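# Coordinate inspection notes
Residues per chain, in single letters:
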Amino acid sequence: ARDAVRGRCCVELGAGCGVVSSLLWRLGAGSVVAAERLEIIPLLELNLEANCKAQHLASGSGEATAAATTTAAPPMAVPHMWGESVTPLLEATNDRRGPDLL
């Protein structure tokens, strides 16, 4: 699984609490965008903070991280509703080609 996502740009549609986005990040994805309805974003950001951002900061200080194998920025939560323009999702990937994995 690590080889399939390592360095890839990933977008999780309907991210919910962000479990898949957190796993993609831990497996070494180059960037991860977690898309969810606007009202879910605060919970999603809280979970991404707890599961990824704290480890990302710890890894920069030389502390051991539990299973994280990436130096990429933690996943970004982006509001999105089905049927709306995907332009904000594509812009969030910071990659003109768009995501490698959805």
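It should be emphasised that the depicted structure is a prediction, and the values quoted were computed from it without experimental measurement.

## A word on the sheet that holds strand E1 (residues 9-13)
With parallel pairing, three strands are arranged side by side in an open sheet as E1-E2-E3. On the outer flanks of this sheet lie E1 and strand E3 (76-79), each paired with one strand and no other. Direction aside, neighbouring strands of the sheet carry axes that sit 25° apart on average. Relative to E3, strand E2 (residues 31-36) runs parallel, the two sharing four bridges. Each residue of the ladder has a partner; that of Ala34, found in E3, is Ala77. Sheet strands in contact with helix H2 (residues 19-26) are E1 and E2, and its direction is about 180° off that of E2.

## Considering the environment of Ala77
Here Ala77 lies in strand E3. Sequence separation between Ala77 and Leu38 is 39 residues, and the spatial gap between their C-alpha atoms is 9.7 Å.

## Some words on a nonpolar patch on the surface
Taken together, the side chains of Leu13, Trp82 and Leu102 define a hydrophobic patch exposed on the protein surface, amounting to about 410 Å² of accessible area. Tracing the chain through its elements places Leu102 in the segment after helix H4 (87-92). Looking at Leu102, the relative accessible area reads 74%, which means it is exposed.

## Re the side chain of Thr93
Inspection of the secondary structure assignment puts Thr93 in the segment after H4. Here the side chain of Thr93 touches Leu90 through a polar contact of 2.6 Å, landing on its backbone oxygen. If we ignore the near neighbours within four places in the chain, the residues touching Thr93 are Cys9, Val11, Ser31, Val33, Gly98 and Pro99.

## Considerations on the confidence of the model for the protein
Close inspection of predicted coordinates is inappropriate for parts of the model with low pLDDT. Chain-level statistics for the protein give a pLDDT mean of 83 and a share of 80% at 70 or above. Here residues 62-67 is modelled with pLDDT under 50, and outside its nearest four sequence neighbours on either side it reaches eight contacts, counting other chains as well.

## Some words on H2
Those residues of H2 not exposed but buried are Ser21, Ser22, Leu24 and Trp25. Summarising the axial view, the buried residues of H2 lie within an arc of 160°, below the 170-degree limit, and thus occupy one face. Directly after H2, the chain includes Gly28, whose backbone phi takes a positive value near 100°.

Conventions we followed
Residues numbered from 1 in each chain as written. Predicted model: local features only at pLDDT ≥ 70, side-chain atom pairs only at ≥ 80, totals over all residues. Heavy atoms only, no water. Pairing = 2+ DSSP bridges. Helix = DSSP H or I, 4+ residues; strand = E, 2+ residues; numbered from the N terminus. Axes fitted to C-alpha atoms, helices over the stretch in contact; angles between N-to-C directions. Contact = heavy atoms within 4.5 Å. Patch = residues over 30% accessible without salt bridge, like charges linked within 9 Å, V, L, I, M, F, W, Y side chains within 5 Å. Areas by Shrake-Rupley, 256 points an atom, 1.4 Å probe, with all protein chains shown as cover. Salt bridge = Lys/Arg side-chain N within 4 Å of Asp/Glu carboxyl O. Buried < 20%, exposed > 50% of the residue type's maximum accessible area, 1.4 Å probe, protein only. Polar contact = N/O pair within 3.5 Å; in protein donor to acceptor, adjacent residues only side chain to side chain. pLDDT = per-residue confidence, 0-100. Arc of directions from axis to C-beta.

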